[in-house]
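Descriptive analysis of the structure
If you want the building blocks of each chain, they are given just below.
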Amino acid sequence: MTCPPRTLVLPPRLTASARTLRATALRRGLRIVEATASAVPEGLGRPGWAEGTGCAGSAGQAGHAGHAGSDGHAVHLHAGPSFADVVAPTLGIALLEAPADWLAQLPRTLTQRDIRATTIGEAYRLRRPAFVKSPNDKSISALVYADGSRLPGPDAVDPATVVLVSDVMTFAVEYRLHLLDGAVHAAGQYAEAGRLRLGPADGDALAFGRDVLAAAGETLPSAIVVDVGRDDEGRWAVIEANAAWASGCYSADPDRALETVLRAAGPATALSPHDRAFVR
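Conventions and cut-offs
- Residues numbered from 1 in each chain as written.
- Predicted model: local features only at pLDDT ≥ 70, side-chain atom pairs only at ≥ 80, totals over all residues.
- Heavy atoms only, no water.
- Helix = DSSP H or I, 4+ residues; strand = E, 2+ residues; numbered from the N terminus.
- Buried < 20%, exposed > 50% of the residue type's maximum accessible area, 1.4 Å probe, protein only.
- Contact = heavy atoms within 4.5 Å.
- Areas by Shrake-Rupley, 256 points an atom, 1.4 Å probe, with all protein chains shown as cover.
- Lys, Arg positive; Asp, Glu negative; His and termini not counted.
- Salt bridge = Lys/Arg side-chain N within 4 Å of Asp/Glu carboxyl O.
- Polar contact = N/O pair within 3.5 Å; in protein donor to acceptor, adjacent residues only side chain to side chain.

1. Some remarks on the overall build of the protein chain
On a plain count of helices and strands, the protein chain comes out with 7 helices and 14 strands. Taking all 280 residues of the protein chain together, 51% fall into the buried category. Looking at the protein chain alone, contacts between residues at least 24 apart form 73% of all its contacts between residues at least 6 apart. Of the roughly 12800 Å² of accessible surface on the protein chain, 51% is carried by carbon and sulfur atoms.

Following this line, the structure appears as structure tokens:
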């Protein structure tokens, strides 16, 4: 029996992490389609466009990530939000992400700081330093702003745009956790003292990830990336959640990171009932 081919669509410009995932996908037998512009490559999505190149290697715990779409092949995506928003609907790809207010809804024991989801119009009233970012993309730069007057103005951003506003917290070390099916599927260190520093995830980071899943796993899609960190006082906290399909794998096992990506951006026809609530 021949498996339907699976395809991974990539954007025009690849980061180092995307190149790693590309090499991993090729080794596992996926077909790669690289776009040349921020648009759907010609012919992509038409019946028969994914000519047989063999089936991908085992997806391990990726489960239904490899299920085929209605025309017999599965299409997945790894790209930033701007490209993904153009390409995914045409290809029938469901993009999974955390709810916009997920971080703000976590108990303080998991965040160690006050976080609220609000509109940028409300955030203009801030009269103190705060860390402000977009929940699920980069439309509002993730920065510490001296006050609300330093945020992008209403001439550049719709005042109704949702942002996350949090107390400023400095992390001594930061880790990226690739979560799949309620478990930490892959992990790695990506920063130390605010600077890029790659390395393995230590046991405490993995243990904290399991604590996050135990407390809030049901409020996340089956495949997601969550960044966590430890401050100089030894307190562990969730930094943010990111869509796996738009996240770098850093030092994590690329095979296991790829499995998370495939689930996070795959055929809409293969969605589980749980994941339907988390489609972008």
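Still to come is the rest of the account.
2. As for the side chain of E174
By the element assignment, E174 lies in strand β9 (residues 173-180). For the buried E174, which has no salt bridge, the nearest side chain bearing the opposite charge is R176, at an N-O separation of 8.0 Å. Looking at E174, its side chain comes within polar contact range of the side chain of Y190, at 2.9 Å.

3. Let's talk about unusual backbone geometry
Although it is not a glycine, Q112 adopts a positive phi angle of roughly 60°. Examined against the element boundaries, Q112 turns out to sit in the loop between α4 (108-111) and β5 (115-119). The phi torsion at Y250 lies on the positive side, around 50°, for a residue other than glycine. The partly exposed category is assigned to Y250, whose relative accessible area is 36%.

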